[in-house]
Amino acid sequence: MASGKQALLLGAGFVCEPTVQALSAAGVHVTVACRTLSAAQALASKHPNTTAVALDASSPEALSRAIAAHDIIISLLPYTLHPLVVEAAITHRKPVVTTSYISPALHALHARAQDADITILNEIGLDPGIDHLYAVKTIDEVHRAGGHISSFTSYCGALPAPDAADNPLGYKFSWSPRGGLLALRNPGKWYQDGVVASVAGEDLMAAAQPHRIDDLALVGYPNRDSVGFRDFYRIPEARTVFRGTLRYPGFPAIIRALAAIGYFSQEARAALAPGAVPGEVSWAALTAEMLGVSSAGLVAAVEEKVAAVVAGEEERRRVVDGLRWIGLFEEETPVQGRATPLDTLCGVLERKMAYAPGERDMIVLQHVFDIEHADGSREKRSSTLVEYGEPLAPGSRSAMAKLVGLPCAVGVLAVLEGRITEKGMVAPWTSSEIAALLREELKEKFSIELTEKSWPA
């Protein structure tokens, strides 16, 4: 049983609380460890059987001591720190659970973790995590019946609920937007009709296509590299394997315009230097400078940039209005420089695109399978989840926190209780048995499940 075990939770971010809550309820003592003690204390103080400590995970000595004193390690730190955690865990023969993808750096530790006879369970959050559980379910069912998967497409989006999507981008941030904005410049790669297709990072937003899920009108664009999932999911017969990200319509066009103007630049500019005179440069002046025009010609220059990347006069007008809402034409509003255009833009978006009290987020996840059965008949099957968070208030849980934190807790309990016995780097797609165990646990304990539908192809 897990009761009485000691878990070390590295991190105190917004997805951690559901993990702590579920483990505490199961009788696991959780030590919340964060570089900022007050953040760890704020989380630990809400739950019984939970304590807080200050810990700098980049310190090998401190990390090693903390890991040695616990039965299992939960790393909800940035993925770049996971190898440090796993290295120390291997030394002390302690299992680890993360919600991140198995990176090349983690994969390189697979054999050593096996030799240490420990389980390193990864990719057990939302995406990756819940998505794996239901992809493996359908694929395993079809294969066991002698059928084939000819196409697998998957979309996931973390969005404001429709009633909170009240800005031109239809998006809001509950964390620093920098990482999310940079992800919009990642290249995409996938299988399309048996051929590897790709899109460069600078063209990612141009690849967005309309996508409807239930009564939600959305757009989807490629999510990084989907090619490896044909092997992970053991569907070599699939001619199309695509994973995408969902947003509301209008988002891609405004992002393309911001990039065209230069607001995705990570190069330092003198006007934005920390030592620059505060309030010396207005937003209109900065935008004009980046476009190489005078302030008098700013609107025309912006419209020209928008016309180069956005089709249709009505859509162009919406984009220009969106840029105006962000504040790029403001002549009286001073820029609070953060060295680079990207970081300076982030400062504005953090303020203007934050969730307000009473607003809630939404997670949308959907798989669609094209199936060919052993008798030659064809079927389409979908697995769909639309989950709403609690209205923002002290102590409320977002849909994102719930759908990352609770699968993580289920994974921790399964490892602690010896129900996952595979050693080394493990993920929900490692076996259909692991996927089924975690999927059923989420459904039974927390009522988290995808709705499945099928119809003739």
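Here is what the cut-offs are and how they apply
- Residues numbered from 1 in each chain as written.
- Predicted model: local features only at pLDDT ≥ 70, side-chain atom pairs only at ≥ 80, totals over all residues.
- Heavy atoms only, no water.
- Helix = DSSP H or I, 4+ residues; strand = E, 2+ residues; numbered from the N terminus.
- Rg over C-alpha atoms; globule rule 2.2 N^0.38 Å.
- Buried < 20%, exposed > 50% of the residue type's maximum accessible area, 1.4 Å probe, protein only.
- Contact = heavy atoms within 4.5 Å.
- Areas by Shrake-Rupley, 256 points an atom, 1.4 Å probe, with all protein chains shown as cover.
- Lys, Arg positive; Asp, Glu negative; His and termini not counted.
- Charge placed at Lys NZ, Arg CZ, Asp CG, Glu CD.
- Axes fitted to C-alpha atoms, helices over the stretch in contact; angles between N-to-C directions.
- Parallel < 35°, antiparallel > 145°, perpendicular 65-115°, else oblique.
- Left-handed = near helix turned anticlockwise from the far one by under 90°.
- Nonpolar A, V, L, I, M, F, W, Y, C, P; charged D, E, K, R; others polar.
- Pairing = 2+ DSSP bridges.
- UniProt positions renumbered as here; feature names shortened; annotations may be inferred.
- Domains from an automatic or database assignment.

Draft legend 1. Spatial organisation of the overall build of the protein chain. A count of helices and strands for the protein chain gives 16 helices and 16 strands. Computed over its C-alpha atoms, the radius of gyration of the protein chain comes to 24 Å, within 12% of the 23 Å expected for a compact globule of 457 residues. The principal-axis extent of the C-alpha atoms belonging to the protein chain is close to 70 × 60 × 40 Å. Considering the protein chain as a whole, with its 457 residues, one finds that 53% of them fall into the buried category. Sequence separation of 24 or more characterises 68% of the internal contacts of the protein chain that already satisfy a separation of 6 or more. Working note: accessible area of the protein chain is about 19400 Å², and carbon and sulfur atoms make up 52% of it. Distance from the positive charge centre (42 side chains) to the negative charge centre (52 side chains) of the protein chain: 2 Å.

Draft legend 2. Representation of the packing of helix α10 (residues 251-261) against helix α12 (residues 298-309). Packing of α10 against α12 brings their axes to within 9 Å, and their N-to-C directions diverge by 125 degrees. Between α10 and α12, the angle falls in the class oblique. Of the two possible hands of crossing, α10 and α12 adopt the one that is right-handed. Facing α10, whose interface residues are Arg256, Ala257, Ala260 and Ile261, α12 presents Val302, Lys305, Val306 and Val309. By residue class, the composition of the contact of α10 with α12 is 6 nonpolar, no polar and 2 charged.

Draft legend 3. Representation of the packing of helix α11 (residues 283-291) against α12. Close contact between α11 and α12 brings their axes to 10 Å; oriented N to C, the two are set at 55 degrees. One element, α11, and the other, α12, form an angle in the oblique class. Between α11 and α12 the crossing geometry is left-handed. For the pair α11 and α12, contact is made by Ala284, Thr287, Ala288 and Leu291 and by Leu298, Ala301, Val302 and Lys305, respectively. A breakdown of the residues in the contact of α11 with α12 according to their chemical character gives 6 nonpolar, 1 polar and 1 charged.

Draft legend 4. Up close: the pairing of strand β7 (residues 148-160). The buried count for β7 comes to 10 of 13 residues, which makes it a mostly enclosed element. Pairing geometry for β7 and strand β13 (residues 361-372), over 12 bridges, is antiparallel. In the sheet register, Ser151 faces β13, and the bridge partner there is Asp370. Judged from the 6 bridges that link them, β7 and strand β12 (residues 240-247) form a sheet pairing that is parallel. The residue of β12 that forms the bridge with Phe152 is Val241.

Draft legend 5. Focus on the sheet that holds strand β1 (residues 6-10). One open sheet holds the 7 strands; their spatial order is β3-β2-β1-β4-β5-β6-β15, and the pairing between them is parallel. Each edge of the sheet is formed by a strand with only one pairing partner; in this case those strands are β3 (50-54) and β15 (424-426). Between one strand axis and the next, the sheet turns by 20 degrees as a mean value, whatever way the strands run. Its contacts with the sheet place helix α4 (residues 82-92) against β1, β4 (72-75), β5 (96-98), β6 (119-121) and β15, and it is angled at close to 165 degrees to β5.

Draft legend 6. Examining the UniProt feature "domain: Saccharopine dehydrogenase NADP binding" (unreviewed entry) in the protein chain more closely. Under the local residue numbering, the UniProt record ascribes the feature "domain: Saccharopine dehydrogenase NADP binding" (unreviewed entry) to residues 8-121. This span, residues 8-121, is 42% helix and 21% strand, and a straight line between its end C-alpha atoms measures 15 Å.

Draft legend 7. Summary view of the domain arrangement of the protein chain. Partitioning the protein chain into domains gives domain 1 (6-127 + 400-450), domain 2 (130-249 + 356-394 + 452-456) and domain 3 (268-339). Computed from C-alpha coordinates alone, the two centres of domain 2 and domain 3 are separated by 33 Å.

Draft legend 8. Summary view of the environment of Thr138. By the element assignment, Thr138 lies in helix α7 (residues 130-144). Owing to a relative accessible area of 0%, Thr138 belongs among the buried residues under this scheme. The spacing of Thr138 and Leu81 is 57 residues in sequence and 33 Å in space, taken between C-alpha atoms. Setting aside residues no more than four positions away along its own chain, Thr138 makes contact with Phe369, Ile371, Arg381, Ser383 and Glu452.

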